[in-house]
Amino acid sequence: MAKTQVYCGMFVHSTKKDYMRILQNHAIGVKEGKIVFVEEMIKFQLKANEKEHEVIKLNNNEFLMPGMIDTHIHAPQYPNAGKGLDQGLLEWLNKYTFPTEAKFKELEFAKNTYRKIVRRTLENGTTTASYYGTIHIDACLALCDIIEENGQRALVGKVNMNANSPDYYIEESVDVSVSETKKFVDEVLQKKYPRVLPIITPRFAISCSQQLMDALGLLAIEKDLHVQTHISETEDECEMVGKLYPECEDYLDVYDKAGLIRNKTVLGHGIYLSDKERKKIKQKGASISHCPNSNLSIRSGIFNARQCLSEGIKVGLGTDVSGGYSPSMMDAMRTAIHVSNMLTIKDRTHKPITHREVFMMATYGGSQALAIDHLVGNFEVGKEFDALLVSLDCPGSQVDIFDDDTPEDLVQKFIFLGDNRNIQKVFVNGEDVLQRKVPDVCPKA
Ligand SMILES: Nc1nc2[nH]cnc2c(=O)[nH]1
Ligand SMILES: [Zn+2]
């Protein structure tokens, strides 16, 4: 019989009550990938038994935290990460993004690129990602296989677009777009991946007709699927949506009329949402993916995370590669703080979000945003053990520790000064997936 792995030391996670709860001298028991107990070390020591337990002791400068959850990332845009940030959203899509995504018709190119982004995000501590693919079904299916092979947890969306898109990158008709999506969803579900699910992914209201969104909304309801899309990211985009859908009350209403706003819906950005739209998002149990690096890099706007959190809206963080140049959720945490600080600089009555809120949004908040908080997101008994072993004194660490640093200071220092070198192990369902032997990444892709 497999032993229960028992990690002993310091843990940090978020709960329903606390954005950041630190447990010192605690023990977490993990059996068959699941958390079976969380208790004080003294209590565990009373029942510890060599035959049943494999004890792993953390040192003083190490801690465990939940794996990070990237609620919005475009896998096919990874080749563009760190370049082409000289345009605003709509021009950027046409000049850089659509030409790159069109290349995913080529399956080998797709596979090589997807291997790189999945490895890179895992190394940076992303245990779950909600990926946008492209319109190409074969490439999206390959992305699912590669995620599975590498041991990551994910939602994967075949992108839908049948309007206002270039001739070389558009789906032929509503029928083709819907039937390809159904085929993708069915194939993914049939494969019964333990940790990969399909997500309905209309790109945004500009590139989908109402008829297409209606059909996708029906499909999501019929099969109880997740949904992801973009909303209110830039002012130009909002203006164009107003012109394209004059019969709708507002941007959210375009999606809501189609049945796309559900408790499994994650909306990217939402910078320019009205009070009424936010109220409806909350009512419907949908969520927002805040992508701060992208919002600054392509100059979309300043999202008010404090407002959404205080209204009780579920908010996760996203990298939005490649509108955001960094695939790291640590970058997303830091940049979210800076974006919120900008609001305080403009208005001193604004209460900025802190390391505690961003930690929650990168972990538990992300799991709530993707409606997978019954499975992962924190260290509750019964959940799968998706976790990071963080070491602040590992080789290459850029974090220096001082005698008067408190446990919370260590976590703060990791958020602000840490990087992937401090992430020593990445557990998904109890397995250190960085140790997996996976096919090599082709250097030329
Ligand atoms: N940031 C971002 N916004 C979008 N809106 C529609 N498509 C995209 C995209 O690929 N990236
Ligand atoms: Zn995006």
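About the cut-offs
Residues numbered from 1 in each chain as written. Chains lettered and ligands numbered in written order. Predicted model: local features only at pLDDT ≥ 70, side-chain atom pairs only at ≥ 80, totals over all residues. Helix = DSSP H or I, 4+ residues; strand = E, 2+ residues; numbered from the N terminus. Rg over C-alpha atoms; globule rule 2.2 N^0.38 Å. Contact = placed C-beta atoms within 7 Å. Near = placed C-beta within 6 Å. Buried ≥ 20, exposed ≤ 12 C-beta atoms within 10 Å, placed from the backbone. Domains from an automatic or database assignment. Nonpolar A, V, L, I, M, F, W, Y, C, P; charged D, E, K, R; others polar. Axes fitted to C-alpha atoms, helices over the stretch in contact; angles between N-to-C directions. Parallel < 35°, antiparallel > 145°, perpendicular 65-115°, else oblique. Left-handed = near helix turned anticlockwise from the far one by under 90°. Pairing = 2+ DSSP bridges. pLDDT = per-residue confidence, 0-100. Core = buried A, V, L, I, M, F, W, Y, C linked by C-beta atoms within 7 Å. UniProt positions renumbered as here; feature names shortened; annotations may be inferred.

Asker: Would you mind going over the overall build of the protein chain in detail, with residue names and values included?
Answerer: If you tally the helices and strands in the protein chain, you get 15 helices and 17 strands. The C-alpha atoms of the protein chain give 21 Å as radius of gyration, which agrees with the globular expectation for 445 residues (22 Å, within 12%). Here the C-alpha coordinates of the protein chain stretch approximately 65 × 50 × 40 Å along the principal axes. Sequence-distant contacts, at least 24 apart, represent 75% of the contacts inside the protein chain between residues at least 6 apart.

Asker: Could you give an account of the site of ligand 1, with specific residues and numbers?
Answerer: The full set of residues close to ligand 1 is His-74, Leu-89, Leu-93, Thr-97, Arg-203, Phe-204, His-230, Glu-233, Ser-294, Asp-320 and Gly-323. Counting residues per element, the shell around ligand 1 draws most heavily on helix α2 (residues 89-102), which supplies three residues.

Asker: Talk me through unusual backbone geometry; I want residue IDs and the actual numbers.
Answerer: Glycine aside, negative phi is the norm for most residues, and most peptide bonds take the trans geometry. Following Val-321, the chain continues into Ser-322 via a peptide bond in cis, with omega recorded as 5 degrees. Looking at the element boundaries, Ser-322 is found in the loop between β14 (314-317) and α12 (329-346). The phi angle at His-269 is positive, at roughly 85 degrees, despite the residue not being glycine. Structurally, His-269 is set in strand β12 (residues 265-269). Under the C-beta neighbour-count criterion, His-269 is labelled buried, with 28 such atoms within 10 Å. In this structure, Arg-299 takes a positive phi of about 55 degrees despite not being glycine. Among the structural elements, Arg-299 can be located in the loop between α10 (292-297) and α11 (305-310).

Asker: Summarise the domain arrangement of the protein chain; cite the residues concerned and give the values.
Answerer: By domain assignment, the protein chain separates into domain 1 (4-66 + 379-435) and domain 2 (68-369). Between the C-alpha centres of domain 1 and domain 2 the distance comes to 30 Å. The partner domain 2 presents 23 residues to the 21 residues of domain 1 that form the contact. Every element with two or more residues in the side of domain 1 that touches domain 2 is listed here: β5 (62-66), α15 (407-417) and β16 (423-428). For the side of domain 1 that touches domain 2, the residue count by class is twelve nonpolar, six polar and three charged.

Asker: Hey, could you go over the packing of helix α4 (residues 137-150) against helix α5 (residues 174-191) for me, with residue numbers and the actual values?
Answerer: What describes two packed helices is the angle between their axes and the distance between those same axes. It is at 10 Å that the axes of α4 and α5 come closest, and there the two elements cross at 20 degrees. Here α4 lies roughly parallel to α5, going by the angle between them. Judged by the twist between their axes, the crossing of α4 over α5 is right-handed. Where α4 abuts α5, its residues Ile-137, Cys-140, Leu-141 and Cys-144 lie against Glu-180, Lys-183, Phe-184, Glu-187 and Val-188. When grouped by side-chain class, the residues that make up the contact of α4 with α5 number six nonpolar, no polar and three charged.

Asker: Run through the pairing of strand β1 (residues 4-13), naming residues and quoting values.
Answerer: Counted residue by residue, β1 has seven buried out of ten residues, so it is predominantly covered. Bridge count for β1 against strand β4 (residues 53-57) is five bridges, and the pairing is parallel. Of the residues in β4, the one forming a bridge with Thr-4 is His-53.

Asker: I'd like a description of the confidence of the model for the protein chain, backed by residues and values.
Answerer: Averaged over the protein chain, the pLDDT score is 97; the fraction of residues at 70 or greater is 99%. This complex was scored by the predictor with a pTM of 0.98 and an ipTM of 0.99.

Asker: Tell me about the nonpolar core, and name the residues and values.
Answerer: Leu-64, Tyr-131, Leu-143, Val-156, Met-333, Ala-336 and Ala-362 are the most contacted members of the largest nonpolar core, which totals 117 residues. Among the elements that take part in this core, α4 stands out by supplying eight residues, more than any other. With residues near it in sequence (within four places) discarded, Ala-362 still touches Met-68, Ile-69, Leu-317, Met-329, Ala-332 and Met-333. Formed by five residues, the second largest nonpolar core is a distinct cluster that contains Leu-89, Trp-92, Leu-93 and Tyr-96.

Asker: Could you give an account of the UniProt feature "domain: Amidohydrolase-related" (unreviewed entry) in the protein chain, naming the residues involved and the relevant values?
Answerer: UniProt tags residues 63-431 as "domain: Amidohydrolase-related" (unreviewed entry). Spanning residues 63-431, this segment combines 43% helix with 17% strand, and its end C-alpha atoms are found 17 Å apart.

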